[in-house]
Amino acid sequence: MATQNDLPIAVIGAGPVGLAAAVHLMSRGLPVKLYEAGNGVAASLRDWGHVRVFTPWRYCVDQAAGRLLESQGWRMPDAEAFPTADELVTHYLEPLASLPELAPAIETNARVVAISRWGADKVRGSERGTRPFMLVVETANGTRRDSARAVIDASGTWRTPNPLGAGGIAAQGEAEFADRIAYGIPDILGRDRALYAGRTTLVAGSGHSAANALLDLARLANVAPGTALLWAMRGTDLVRIYGGGDADQLPARGELGADVRDLAESGRVRLATGFATVAIREHDGRLIVEGQSEEGLLQLGPIDRIIAATGQRPDLSLTRELRLDLDPWLESVKALGPLIDPNEHSCGDVPPHGHRELSHPEPGFFTVGIKSYGRAPTFLLLTGYEQVRSVAAAIAGDMAAADAVQLVLPETGVCTVPAGRASQGCCGGPAPVEVDACCVADVDAKAAGKSGCGCASKMEAAE
Ligand SMILES: Cc1cc2nc3c(=O)[nH]c(=O)nc-3n(C[C@H](O)[C@H](O)[C@H](O)COP(=O)(O)OP(=O)(O)OC[C@H]3O[C@@H](n4cnc5c(N)ncnc54)[C@H](O)[C@@H]3O)c2cc1C
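What you see as residue numbers is a count from 1 along each chain, following the sequence as written. Given that the model is predicted, a residue must reach a pLDDT of at least 70 before its local features are reported, and side-chain atom pairs must reach 80 or more before they are shown or counted; all residues, however, enter totals for whole chains, interfaces and linings. Excluded from the side-chain calculations are hydrogens and water; all other atoms, namely the structure's heavy atoms, are used.

A. Local environment of the site of the ligand. Near is defined per residue: the residue qualifies when any heavy atom it owns lies within 4 Å of the molecule or strand. With respect to spatial proximity, 29 residues lie near the ligand, and among them Glu36, Phe54, Thr55, Val112 and Leu381 are the closest. Between Pro16 and the ligand, the recorded distance is 3.5 Å, taken from a backbone N or O atom to an oxygen atom. Polar contacts here mean pairs of N or O atoms no more than 3.5 Å apart (in protein, one a potential hydrogen donor and the other a potential acceptor; neighbouring residues in sequence count only if both atoms are side-chain atoms). Separating an oxygen atom of the ligand from a backbone N or O atom of Ala43 is a distance of 3.3 Å. Using a 1.4 Å probe, the Shrake-Rupley method yields the accessible areas, and only the shown protein chains count as cover for residues. Relative to its free-state accessible area of 980 Å², the ligand is covered by the protein chains to the extent of 92%. Elements represented by at least two residues in the shell around the ligand include exactly helix 1 (16-27), helix 2 (43-47) and strand 4 (111-117). Looking at which element gives the most residues to the shell around the ligand, the answer is helix 2, with three residues. Each helix is a run of DSSP H or I of at least 4 residues and each strand a run of E of at least 2, with the numbering of both proceeding from the N terminus.

B. Quick peek at helix 12 (residues 381-395). Compared with the 21 Å implied by 1.5 Å per residue over 15 residues, the 21 Å span of helix 12 between its first and last C-alpha is a close match. When we look at burial in helix 12, the residues that qualify are Thr383, Gly384, Tyr385, Glu386, Gln387, Val388, Ser390, Val391, Ala392, Ala393, Ala394 and Ile395. One or two positions beyond helix 12, positive phi appears at Gly397, with a value near 85°. What a helix is expected to span follows from its residue count: subtract one and scale by 1.5 Å. Think of it in three bands: residues with accessible area under 20% of the maximum for their type are buried, residues over 50% are exposed, and the middle band is partly exposed, with areas taken using a 1.4 Å probe on protein chains only.

C. Summary view of the sheet that holds strand 4. Here, any two strands with at least 2 DSSP bridges between them count as paired. Read from one edge to the other, the open sheet built from three strands follows the order 4-5-6, with strand pairing classed as antiparallel. The sheet is open, and its two borders are formed by strand 4 and strand 6 (142-148), each paired with just one other strand. In this sheet, adjacent strand axes meet at a mean angle of 25° when their direction is disregarded. As judged from the six bridges shared by strand 4 and strand 5 (residues 133-139), these two strands associate in the antiparallel manner. Note on strand 5: the bridge partner recorded for Arg111 is Glu138. Fitting a line to C-alpha atoms yields each axis, with helices limited to the stretch in contact; the angle taken between N-to-C directions then spans 0 to 180 degrees.

Following this line, the structure appears as structure tokens:
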């Protein structure tokens, strides 16, 4: 068997964060093997390729990847423009993956289905760190076992959507009517148009994916008679759902929330808040969705289709034989859990973090990218790029660079502190009165009789 140092660092997933990880590792002279399950890089982004992201180009490109591309003649599109996911793939990720430095290291149609240590299951502790990792890789030519010195899991969460069932497991009837349920954000105005035109669709969920789907359905309803929409969500706090509007430091994200608020207030969409989906039934060939609400059991419908914009969760099956330390409810890396828990934090901020927070009791294994957030919804690419810069430096042994983590994220402009927790800041820091967090501005704004977070007024005041 090869010695550890001859072996590559395995990166699982050639999404934006996995590709950036490969660049950072290579720039430190480390050998890399990048596995991608799809038949091209960034397979998950292609799935929601029609969606325009709310971060401009300058927030979408990893700095080291951008430098490498620029050294070979690439120019970033207008830094202030907002690409669709398809444009991110075509104008950034595909050119990056095609560079002669990266291309030989990338294997597409290669799905990692299990990771362990050669000769040691999870229970065996002896010399664990000296045993190479073993990756079980499914390819078109069969399954093989590869070795790696370290593993960076950047496999995302896109392929494992949360079910409609409010209890986290599929609602009764969810599997039976799967052919009428789309998870994520279907291309309502493009390739999936015929499925939604002239039909009634229920959108379940309250995040940005639900907002995108609702706005597309409303656009379709303008031109396709008979198109109708319903919106169901578990939450009841509409301020949080509609976002920070003008106070959002990412204006496009603020606009998305404001547009969906306008749509809901226009009366064109029937809104069911506090709705916990229990079952889906068929009646006269159409669907009825049943859920618990404050008024008891409520029935929504009849409808033709459902869009489950209920978020994603990490696939933990491939790391079953590794010693992981995960947050018990978010399934994020443990150290990040308290900092990103959506029950506690809404302002979009997360303290700078790197290899230490992203590591596990399993030496040499790191979870990065949106998977590091587990079920939490607020991940931004900027976070992932700084994560992999730090992890690559740590693997290379440059601990000074690995520990020098820097991250300033645009805040959402929504800052909610749960009842009874006034002594704690929503941004994961100490009490609002003691820190310069957006919670301070929130408290100030509310004391002055204003609604919302007040982050914007804080910024203006500072200028
Ligand atoms: C609709 C939507 C809009 C978003 N908008 C923004 C935005 O505006 N700005 C922003 O900063 N962030 C945004 N995000 C959040 C986040 O930046 C993206 O989800 C981003 O794609 C995360 O990158 P990633 O590399 O961690 O994961 P992914 O992009 O999901 O990449 C994971 C890759 O791993 C591959 N893979 C999965 N399993 C395996 C396996 N077992 N073996 C091998 N390969 C595997 C997948 O095929 C995929 O290519 C958005 C997310 C969504 C869903």
